[in-house]
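# Structural characterization, general
As a plain string of letters, each chain reads:
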Amino acid sequence: MSRYEPRAIEERWQEVWEREDAWRVAGPGEDGFDPSRPSAYVLEMLPYPSGEPHVGHLKCYAVGDAIAHFRRRNGFQVIHPMGYDSFGLPAENNAIKTGEPPLEATTRSIESFSRQFREWGISIDWSREVATHTPEYYRWTQWIFLQLLEAGLAYRDRAPVHWCPEDATVLANEQVVDGRCERCGTEVETRNLEQWFFRTTAFADRLLTDFDLLESWPEHVVTMQRNWIGRSEGAEVTFRCEEAGIEFPVFTTRPDTLFGATFFVLAPEHPDLERLVAGTDAEEPVRQYVNQVSREAPGARAEGDRPKTGVPLGKTVTNPVNGEEIPMFVADYVLMDYGTGAVMAVPAHDERDYGFAREFDLPIRRVIEGEDPDAPGDDDGLPYTGDGPMVNSGRFDGENNREAYPEIVTWLEEEGRGGPSVNFRLRDWLVSRQRYWGAPIPVVHCPDCGIVPVPEEDLPVILPEVDDYAPKGKSPLEAATSWVEVACPACGSDARRETDTMDTFVDSSWYFLRYLDPDNGTAAFDRAKADHWMPVDQYIGGVEHAILHLLYARFVVKALADLGHLETVEPFRNLFAQGMITRDGAKMSKSKGNTVSPAEYVERFGADSARTYVCFMGPPERGGDWTDEGVEGVNRFLARLWRIASDLAPDEPDPAAARCPDGVDGPARELAAKASWAIDKATRDFSRDFQFNTVIAAVMELVNEAYRLRDELEGSESGRAVLRYSVATAASLIQPFAPHLAAEVWAMLVGGEVWREPWPEADPELLTSETVEIVVQVNGKVRDRIEVAEGAGEEEVLALARSAGNAARHLEEGEVVKEVFVPGRLVNFVVRGA
RNA sequence: GCCCGGAUGGCGGAACGGUAGACGCGGCGGCCUUAAAAGCCGGUGUCCCGAAAGGGGCGUGCGGGUUCGAAUCCCGCUCCGGGCACCA
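Residues numbered from 1 in each chain as written. Chains lettered and ligands numbered in written order. Predicted model: local features only at pLDDT ≥ 70, side-chain atom pairs only at ≥ 80, totals over all residues. Heavy atoms only, no water.

Within the element layout of this structure, His-133 appears in the loop between β4 (130-131) and α5 (135-150). Judged by its relative accessible area of 10%, His-133 is buried. Reaching out from His-133, the side chain makes a polar contact with the side chain of Ser-86 at a distance of 2.7 Å. For His-133, the contacting residues outside a window of four places in its chain are Ser-86, Phe-87, Leu-103, Thr-106, Ile-110, Tyr-138 and Trp-437. (Helix = DSSP H or I, 4+ residues; strand = E, 2+ residues; numbered from the N terminus. Buried < 20%, exposed > 50% of the residue type's maximum accessible area, 1.4 Å probe, protein only. Polar contact = N/O pair within 3.5 Å; in protein donor to acceptor, adjacent residues only side chain to side chain. Contact = heavy atoms within 4.5 Å.)

Moving on, we come to the pattern of salt bridges. For the structure on display, the rule yields 51 salt bridges. The salt bridge partner of Arg-206 is Asp-562, with a shortest N-O separation of 3.0 Å. Taken as a pair, Arg-206 in helix α6 (residues 204-209) and Asp-562 in helix α18 (residues 548-562) lie far apart in primary sequence, 356 residues in all. Looking at Arg-206, the relative accessible area reads 29%, which means it is partly exposed. A salt bridge links Arg-756 to Glu-753; the shortest N-O distance between them is 2.7 Å. Where salt bridges share partners, they join Glu-30, Asp-125, Arg-128, Asp-517 and Lys-529 into one cluster. (Salt bridge = Lys/Arg side-chain N within 4 Å of Asp/Glu carboxyl O.)

The subject of this paragraph is the sheet that holds strand β24 (residues 538-542). Strand order in the open sheet formed by four strands is β2-β1-β24-β25, and the pairing between neighbours is parallel. This sheet does not close on itself; its edge strands, each paired only once, are β2 (77-79) and β25 (575-578). Strand-to-strand twist of the sheet, defined as the mean angle between neighbouring strand axes without regard to direction, takes the value 20°. As defined by bridge partners, β24 adjoins β25 across four bridges and the pair is classed as parallel. When the bridges of β25 are listed, Ile-540 appears paired with Phe-576. (Pairing = 2+ DSSP bridges. Axes fitted to C-alpha atoms, helices over the stretch in contact; angles between N-to-C directions.)

Counting residues in each nonpolar core, the largest one holds 98 residues, and the members touching the most others are Trp-626, Phe-692, Val-727, Ile-734, Phe-737 and Trp-755. Beyond its immediate sequence surroundings of up to four residues, Trp-626 is in contact with Val-55, Leu-58, Ile-581, Thr-582, Arg-583, Met-588, Val-596, Tyr-601, Tyr-613, Val-614, Met-617 and Val-631. Residues Val-25, Met-45, Phe-87 and Tyr-138 belong to the second largest nonpolar core, which totals 91 residues. (Core = buried A, V, L, I, M, F, W, Y, C linked by side-chain atoms within 4.5 Å.)

This paragraph deals with the confidence of the model for chain A. When pLDDT is averaged across chain A, the result is 90; 98% of the residues are at 70 or more. Here the prediction assigns the complex a pTM of 0.93, and the interface score ipTM is 0.95. (pLDDT = per-residue confidence, 0-100.)

Quick look at the packing of helix α22 (residues 667-687) against helix α23 (residues 692-713) now. Relative to each other, α22 and α23 sit at 170°, their axes nearing to 9 Å. One element, α22, and the other, α23, form an angle in the roughly antiparallel class. Touching Pro-667, Ala-668, Glu-670, Leu-671, Lys-674, Ala-675, Trp-677, Ala-678, Lys-681, Ala-682, Asp-685 and Phe-686 of α22 are Phe-692, Thr-694, Val-695, Ala-698, Glu-701, Leu-702, Glu-705, Ala-706, Arg-708, Leu-709, Glu-712 and Leu-713, all from α23. Of the residues belonging to the contact of α22 with α23, the class tally is 15 nonpolar, one polar and eight charged. (Parallel < 35°, antiparallel > 145°, perpendicular 65-115°, else oblique. Nonpolar A, V, L, I, M, F, W, Y, C, P; charged D, E, K, R; others polar.)

Bringing unusual backbone geometry into the picture now. In this model, Leu-459 is joined to Pro-460 through a cis peptide bond whose omega is 0°. Following the sequence through the fold, Pro-460 ends up in the loop between β20 (450-453) and α14 (481-484). One non-glycine residue, Phe-690, lies in the positive phi region at around 50°. Relative to the helices and strands, Phe-690 is located in the loop between α22 and α23. The exposure class of Phe-690 is buried, given its relative accessible area of 15%.

Below, the discussion takes up the protein's contact with RNA strand B. Residues in close proximity to RNA strand B total 55 residues, the closest being Thr-253, Tyr-338, Arg-352, Arg-785 and His-810. Near the protein, meaning within 4 Å, the atoms of RNA strand B are sugar or phosphate in a fraction of 69%, with bases accounting for the rest. Note that a sugar or linking oxygen of RNA strand B is positioned 2.6 Å from one of the side-chain N or O atoms of Glu-701. Ranked by the residues each element gives to the surface near RNA strand B, the list is headed by α23, at seven residues. Its residues assigned to classes, the surface near RNA strand B comprises 20 nonpolar, 14 polar and 21 charged. (Near = heavy atom within 4 Å.)

What follows deals with the pairing of β24. Within β24, five of the five residues are buried, which leaves it mostly tucked inside the rest of the structure. Pairing of strand β1 (residues 39-44) with β24, which is carried by three bridges, proceeds in the parallel orientation. Each residue of the ladder has a partner; that of Leu-43, found in β24, is Tyr-539. Read as a crossover between parallel neighbours, the route from β24 over α18 to β25 is right-handed. (Right-handed = clockwise from strand over helix to strand, strands pointing away.)

Here's what the structure looks like:
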């Protein structure tokens with residue numbers, strides 16, 4: 001008997017697929033496009049090519065490929081492309097360390113990824129491959145930049161920005177985690193720099209409301225984005241400092257607590273601060289405080305539980321609702337980049353204001369009664385953030401705060417002191433980077449004309465070669481003088497190119513559009529093609545991109561749609577977030593030395609085993625711990641399938657083995673029924689939340705059943721026919737996970753190409769059996785099981801159940817007061833007086 | 001602190017409110033073999049009664065509840081993982 005040799009099998013079929021161009025698909029306007037067939041876009045997040053693919057990639061692409069195969073075999077023409085997010089810091093940092101140009105390391109990594117993806121047998125239409133670092137690609141990234149610039153959605157501004165001293169570049173808000181650089185973990189600093197932004201805030205509302213257009217996204221991802229966008233409704237209220245003649249609008253979500261405002265706080269960065277204190281006693285302490293705050297890492301400032309600090313300004317503002325003069329302070333708990341950089345402080349009903357008031361011994365005035373006056377806490381339950389009747393609030397006294405809320409806002413509006421207002425936590429996306437390995441921002445700075453976009457026909461602005469990649473606080477591109485110095489496209493006078501490059505998240509925010517038309521030399525993509533394929537029907541990737549990438553891609557697609565380049569306003573109709581694979585219960589990392597190299601397992605057990613294993617570990621949205629025993633187990637199962645197939649294989653494959661023989665009975669019928677059961681179960685679980693683990697388990701059961709009945713069936717021609725059918729069915733069902741083995745087994749038994757076969761259908765006749773087992777319960781406890789005819793009526797079943805041996809004994813213990821009958825499942829006798 | 005997940009055998013995990021533990025791993029026993037590996041077959045939640053057949057108790061993180069019946073639904077906790085966190 002021969003052995004299952006996965007490597008040989010896999011190589012053979014990979015050659016076939018390549019030769020046949022099996023995964024190529026055509027869109028509108030392309031040869032072979034069939035408008036009559038339904039289409040589907042299955043997409044996995046493109047990898048950043050660094051070194052070799054890891055198990056996270058394996059899982060992502062194994063899951064995505066299974067979905068792609070399943071859709072194909074259900075009649076869809078599936079577009080399933082692949083590319084590389086190949087601009088980025090690791091290649092550049094490597095270049096700084098070793099001097100090797102980023103292009104070389106990147107090219108090497110792409111080759112390695114591409115080779116391994118092919119070894120995994122992922123069904124990719126390689127004719128659509130893109131890499132974001134190529135001029136053919138970033139030409140269109142630059143084009144998108146210009147589109148946004150022209151539309152006023154890209155702008156340049158001087159603002160306090162996050163600066164990572166390690167990477168020597170600015171970072172977007174989203175790339176700062178706990179005050180540290182998301183990439184390297186270094187504490188970020190604040191710098192005041194002129195930078196490029198994309199106006200994501202212009203879409204803040206639509207980024208929220210358009211969640212309604214999505215079909216299925218994990219709820220927690222939507223929640224994370226909602227929180228990130230952070231919409232809050234409230235009011236704007238203007239407080240005036242009479243002495244200085246300055247008006248200070250503030251944003252508040254609690255206009256109902258206006259009467260409780262006892263002081264007023266400005267952010268240390270507030271532009272009016274200097275003017276307010278200039279020439280007063282407060283000037284020096286305020287200056288010192290502001291300096292001290294600015295030296296602190298923004299991360300430290302974000303820590304909520306540290307004591308409040310601040311300095312009085314010696315000035316007051318007037319509370320518009322009651323005319324009270326309340327003192328002003330500067331304090332670092334007020335942030336300049338949210339709202340107006342100033343807050344009215346209501347210590348009785350806001351925890352932060354309360355903390356500040358206690359620290360500085362400021363008056364705390366309750367304006368809302370708690371429901372429960374004895375609530376625990378200091379100062380009679382203050383700060384109290386709940387609802388209740390208003391007090392100390394003039395004509396609103398006694399009214400519930402919720403009801404008073406709109407009245408107060410209306411009053412403010414009438415008085416010209418404010419009105420309703422909505423604020424977002426979301427900031428504009430800072431897209432410029434002072435780094436080398438990225439797409440150059442396609443503008444020119446002209447002393448006469450200012451910022452001039454590079455004309456579209458001059459794109460791409462090619463990334464020049466440099467000798468030194470090390471960042472020096474400005475872009476390494478500054479050194480490429482012959483590239484930097486350029487004639488102004490508008491007036492022709494001496495001008496300089498922009499030397500910042502784009503955040504690599506810009507590259508990956510539109511790649512799924514380029515796949516649809518990768519060779520287009522005159523446009524980023526053809527609109528008809530985009531409208532045909534978009535939105536992506538199923539997007540697959542790790543949760544770690546729940547905010548950054550997905551938010552940016554949503555923004556770019558909305559912007560392009562607004563500009564008339566695209567119909568779709570939401571790029572990803574369905575999102576699947578795979579869970580992380582751990583090893584020994586811990587996140588894999590090189591420093592822990594617990595990484596798993598997919599290549600090693602593919603070498604030892606074959607790609608089919610590795611792929612099937614990651615899908616079998618558990619529900620794919622959850623994580624799982626990688627074990628060698630687990631891979632071996634799956635490998636054993638595939639070998640078992642191969643072995644029985646090879647034992648049963650006739651000299652010539654027989655197309656009849658694709659269908660269940662008619663009129664089988666006895667053990668043959670049992671096996672055929674199991675096959676139908678497996679088809680039904682696999683089909684349902686595939687569609688329901690991608691329950692791949694149970695799909696694979698069902699196929700395992702089918703194979704086990706074939707082994708169990710094999711001796712009985714092998715003797716007869718009809719028995720062998722059912723065996724072959726069942727094993728071919730198992731191969732067909734496992735095909736989305738183990739495409740090579742499935743192809744091999746199918747070719748042996750049936751002949752032809754299983755990946756082109758329609759997904760099998762269960763025989764409804766075989767899904768039901770003549771008899772069913774009924775559970776007999778007494779008081780909810782299982783006491784017996786009886787066999788009854790399928791569809792047997794209540795009376796008949798109850799009668800049988802009552803007389804069933806063990807059940808009957810328990811019935812004697814008392815009076816039957818109730819009988820429950822669930823057809824085809826169980827009966828339950830409720831007995832009293834036992 | 002707030003918002004999500006999760007908790008089921010020795011382990012990963014299955015279970016439309018209706019037989020808890022499918023499938024896999026591990027371990028145990030048997031067959032095959034001179035022997036081993038591989039393979040094939042059979043057990044495997046736990047405790048008690050029984051020589052056996054069999055029967056019974058207890059069991060899905062903890063405490064309540066709804067129901068003829070709860071791993072599943074409701075209320076209140078505990079622990080673990082993830083996200084957010086001075087956003088006015």
